[in-house]
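Chains, contacts and geometry: an overview
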Amino acid sequence: MRLHTSPASPFGRKVAVVLHETGLWDRVERRDATLSPIAPDPEVCAANPLGKIPCLELDDGTALYDSRVICEYLDGLHAGPRLFPPEGPARFTALRLQALADGMLDTAVGLRYETFLRPETFRWPEWIAAQKLKITRALDRLEGECEGFGERIDIGTLALACALGYLDFRFAEDRWRDGRPRLAAWYARMAARPSMVATVPR
Ligand code: 99T
């Protein structure tokens, strides 16, 4: 299997964390792609018409995307505890948390492109402020919910840890920990996991 990814991508990090947590790391060859919406990578586009990473090429030539599909596929390849709970409330809580984390990341990556790639004269301050508010609301919701996570490790909690790690990486000046001590404490425990330490974004 071959994974198109990048050390800066939080979605690629989620897949990498799953590979570590499931003991599958050595089964996947990794290829770091350099891309952006206006500078696509031809190899990634050949595998994923959306031109986005992560994208996993299987040995039979099938390409899997996006990160959610890849993570669920990988979760079917190991014998340890499932990261995608198979059914019931646990499953839908994990999937909802993953959706919240990925939604925060879609917003944050969009903001990154808006504030870093888009020429300054074309930027739209109201749009930027409204996007930041989405992340603020999500963080506030998580501050209220995270004590219930306990020591749970599943696709929801791992995705959230990757999302918070991306805020540290690209938006440190926004200081997401301020006023959110419970979320900060939960994240500190998650960030110490070997899978998270091995995949710190660069
Ligand atoms: O949008 C593009 O054309 C290129 N962008 C990407 O490939 C980003 C890289 S994060 N990936 C996604 O947006 C994937 C989202 C998808 N729903 C998934 O896989 O879950 C780069 C972040 C950075 O450099 O700061």
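In this report, the structure presented in the accompanying data block is examined. (Residues numbered from 1 in each chain as written. Predicted model: local features only at pLDDT ≥ 70, side-chain atom pairs only at ≥ 80, totals over all residues. Heavy atoms only, no water.)

1. Concerning empty space enclosed by the protein
Selection rule: Buried and open spaces are told apart on a 1 Å grid over the protein atoms alone, a cavity being a set of points where a 1.4 Å probe fits but cannot get out and a pocket being an open set with protein on both sides within 12 Å along at least five of seven lines. Residues with an atom within 4 Å of a point are the lining residues. Grid points are joined across faces, edges and corners, and a volume is the space filled by probe spheres set on the points. Helix and strand assignments follow DSSP, with helices taken as H or I runs no shorter than four residues and strands as E runs no shorter than two, numbered in order from the N terminus. Gly falls in the polar group here, along with every residue not listed as nonpolar (Ala, Val, Leu, Ile, Met, Phe, Trp, Tyr, Cys, Pro) or charged (Asp, Glu, Lys, Arg).
The final tally for this structure, using the stated rule, is one cavity of 30 Å³ or more. A volume near 40 Å³ is recorded for the largest cavity. What lines the largest cavity is simply Pro-7, Ala-8, Ser-9, Pro-10, Arg-13, Cys-162, Gly-165, Tyr-166, Thr-199 and Pro-201. Secondary structure elements with two or more residues in the lining of the largest cavity: helix 1 (10-21) and helix 6 (155-170). Element by element, the count of residues in the lining of the largest cavity is highest for helix 6, at three residues. Considering only residue class, the lining of the largest cavity consists of six nonpolar, three polar and one charged.

2. Some thoughts on unusual backbone geometry
Short version of the rule: Buried residues are those whose accessible area, probed at 1.4 Å on protein chains only, stays under 20% of the maximum for their type, while exposed residues exceed 50% and partly exposed ones sit between those limits.
In this chain, Ile-53 is followed by Pro-54 through a cis amide linkage whose omega measures 5°. Examined against the element boundaries, Pro-54 turns out to sit in the loop between helix 2 (42-47) and strand 3 (55-57). With an omega of 5°, the peptide bond between Tyr-65 and Asp-66 qualifies as cis. Here the phi dihedral of Arg-175 falls at roughly 50°; this positive angle occurs in a residue that is not glycine. By the secondary structure assignment, Arg-175 is in the loop between helix 6 and helix 7 (181-191). With a relative accessible area of 53%, Arg-175 lands in the exposed category.

3. Examining a nonpolar patch on the surface
Stated formally: Each patch is built from salt-bridge-free residues with over 30% relative accessible area, joining like charges within 9 Å and nonpolar side chains (Val, Leu, Ile, Met, Phe, Trp, Tyr) within 5 Å. For accessible areas, the Shrake-Rupley method is used with a probe of radius 1.4 Å. Any residue's cover is judged against the shown protein chains and nothing else. For this document, the term salt bridge refers to a Lys or Arg side-chain nitrogen within 4 Å of an Asp or Glu carboxyl oxygen.
On the surface, a cluster of nonpolar side chains totalling about 410 Å² of accessible area is made up of Ile-38, Tyr-113, Phe-116 and Leu-117. By the secondary structure assignment, Leu-117 is in helix 4 (residues 88-117).

4. A short note on the pairing of strand 1 (residues 2-5)
Selection criterion: Paired strands, in this sense, are two strands between which DSSP finds at least two bridges. A clockwise path from the first strand over the helix to the second, with the strands pointing away from the viewer, defines a right-handed crossover.
Bridge count for strand 1 against strand 2 (residues 29-32) is four bridges, and the pairing is parallel. Considered in strand 2, the bridge of His-4 is made with Arg-31. Handedness of the crossover joining strand 1 and strand 2 through helix 1: right-handed. Relative to strand 3, strand 1 runs antiparallel, the two sharing three bridges. In the strand pairing of strand 3, Arg-2 is matched with Glu-57.

5. Side note on the nonpolar core
What counts here: Among the buried residues, those of types Ala, Val, Leu, Ile, Met, Phe, Trp, Tyr and Cys that are joined through side-chain atoms within 4.5 Å form a nonpolar core. By definition, residues are in contact when any of their heavy atoms lie within 4.5 Å.
Of all hydrophobic cores here, the largest spans 49 residues; its most connected members are Leu-56, Leu-74, Leu-164, Leu-167 and Trp-186. Those elements giving two or more residues to this core turn out to be helix 1, helix 3 (67-75), helix 4, helix 5 (125-145), helix 6 and helix 7. The element that contributes the greatest number of residues to this core is helix 6, accounting for 10 residues. Residue contacts for Leu-167: discarding those within four places in its chain leaves Met-104, Ala-108, Ile-135, Leu-139, Ala-172 and Trp-176.

6. Observations concerning the sheet that holds strand 4 (residues 63-64)
Defined as follows: Axis definition: a line fit to C-alpha positions, over the contact stretch in the case of helices; interaxial angles, taken between N-to-C directions, run 0 to 180 degrees.
An order of 2-1-3-4 is seen for the four strands of this open sheet, with the pairing classed as mixed. The sheet terminates laterally at strand 2 and strand 4, the two strands that pair on one side only. Lying over the sheet, helix 3 contacts strand 1, strand 3 and strand 4, oriented at roughly 45° with respect to strand 3.

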